[in-house]
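Coordinate analysis (summary)
Spelled out from the first residue to the last, the chains are:
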There are 2 protein chains.
Amino acid sequence: MHPDKLGQTIKNRREILAITQKDLAELSGMGLRTLKAIENGKSNPTLETLNKLIDILGMELSIDVRKPKF
Amino acid sequence: MHPDKLGQTIKNRREILAITQKDLAELSGMGLRTLKAIENGKSNPTLETLNKLIDILGMELSIDVRKPKF
DNA sequence: ATAAAAAGTGTATTAAATCGCACTTTTCAA
DNA sequence: TTGAAAAGTGCGATTTAATACACTTTTTAT
């Protein structure tokens, strides 16, 4: 999960929920500037910041062993 | 994914692979002190740090919509 | 076309993640 | 038992994520 892909994931989900960056930032209790940076893939967010976001977005973060492609 | 659970996930996986904290830190290109803090749930790591770790551990991070329990 | 809402940006400050060094504690095999 | 390897900790330095303010650009609805 690289910054660019993360940003798209967050942005896509936010748009599905039809809320603005400002509202998402406020609901998540984080700075608007920070959210903008994340969505634009220009940030290296902390786990805490990530958790705030995905919680409000109704998402979850998971870490699992990579499945081999063959 | 809270810091405590993350720490356990990392530690469990490392022990399955039978490598030391020192080796994992070096392979991941991160400070030993940082890895120790993460495993002990006393850290709020950045995405970049997380990526370094799970990459070496043969794991992957994913963010998906929460499935309802019913 | 245009006015308002939403999104993006430059700069500066603050809080905290990362890091190395030196040391202590715990684990574990001989 | 004991000695070495592994894990954990106090401290201080450096880097950078997170933040607010003020402003510009883009998007959207009328």
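Preceding block: the structure.
The notes below deal with the structure included here. For clarity, every value in this text was computed on a predicted model and none was experimentally measured.

How each quantity is defined
- Residues numbered from 1 in each chain as written.
- Chains lettered and ligands numbered in written order.
- Predicted model: local features only at pLDDT ≥ 70, side-chain atom pairs only at ≥ 80, totals over all residues.
- Heavy atoms only, no water.
- Helix = DSSP H or I, 4+ residues; strand = E, 2+ residues; numbered from the N terminus.
- Near = heavy atom within 4 Å.
- Polar contact = N/O pair within 3.5 Å; in protein donor to acceptor, adjacent residues only side chain to side chain.
- Least-squares fit on C-alpha atoms with pLDDT ≥ 70 in both.
- Nonpolar A, V, L, I, M, F, W, Y, C, P; charged D, E, K, R; others polar.
- Core = buried A, V, L, I, M, F, W, Y, C linked by side-chain atoms within 4.5 Å.
- Buried < 20%, exposed > 50% of the residue type's maximum accessible area, 1.4 Å probe, protein only.
- Contact = heavy atoms within 4.5 Å.
- Expected span 1.5 Å × (residues − 1).
- Arc of directions from axis to C-beta.

Once that is clear, we can look at unusual backbone geometry. Look at A:Ala18: it is not a glycine, yet its phi comes out positive at around 60°. Position of A:Ala18 relative to the elements: it lies in the loop between α1 (3–17) and α2 (21–28).

Around DNA strand D sit 17 residues, and of these A:Thr34, A:Thr49, B:Arg14, B:Gln21 and B:Arg33 come closest. Among all atoms of DNA strand D positioned within 4 Å of the protein, those belonging to sugar or phosphate total 60%. In the environment of DNA strand D, a phosphate oxygen lies 3.0 Å from a nitrogen or oxygen atom belonging to the backbone of A:Thr46. Here a phosphate oxygen of DNA strand D sits 3.4 Å away from a polar atom, N or O, in the side chain of B:Asn40. Secondary structure elements with two or more residues in the surface near DNA strand D: α3 (32–39) of chain A together with α1 (3–16) and α3 (32–39) of chain B.

For the pair chain A and chain B, the superposition axis carries a translation of 0.0 Å, the fit reaches an RMSD of 0.0 Å, and the rotation angle comes to 180°. Viewed as a symmetry operation, the transformation between the two copies matches a two-fold axis. Residue A:Thr46, judged by its C-alpha, is the member of chain A lying nearest the rotation axis, at 2.0 Å.

The next point concerns the protein's contact with DNA strand C. Taken together, 17 residues lie around DNA strand C, and A:Gln21, A:Arg33, B:Gly31, B:Thr34 and B:Thr49 are the ones closest in. B:Thr46 places a polar main-chain atom, nitrogen or oxygen, 3.1 Å from a phosphate oxygen of DNA strand C. For the surface near DNA strand C, the secondary structure elements donating two or more residues are α1 and α3 of chain A together with α3 of chain B. Its residues placed into classes, the surface near DNA strand C shows 2 nonpolar, 9 polar and 6 charged.

This part is about the nonpolar core. Nonpolar side chains tend toward joint burial in soluble globular proteins. Of all hydrophobic cores here, the largest spans 32 residues; its most connected members are A:Leu61 and B:Leu61. Here A:Leu61 is in contact with A:Leu47, A:Leu50, A:Ile54, B:Met1, B:Leu61, B:Ser62 and B:Ile63, once residues within four sequence places are set aside.

With that out of the way, let us pick up α1(B). The end-to-end C-alpha separation of α1(B) is 20 Å, in line with the 20 Å expected for 14 residues at 1.5 Å each. Within the span of α1(B), buried status applies to B:Leu6, B:Gly7, B:Thr9, B:Ile10, B:Arg13 and B:Arg14. Projection of α1(B) onto a plane perpendicular to its axis shows the buried side chains occupying an angular sector of 160°, all on one side. Facing away from the buried side of α1(B) by over 90 degrees, the exposed positions are B:Asp4, B:Lys5 and B:Ile16. Summarising the contacts, the buried residues of α1(B) are in contact with α4 (47–56) and β1 (59–65) of chain A together with α2 (21–28), α3, α4 (47–56) and β1 (59–65) of chain B. After α1(B) finishes, the residue B:Ala18 shows a positive phi value of roughly 55°.

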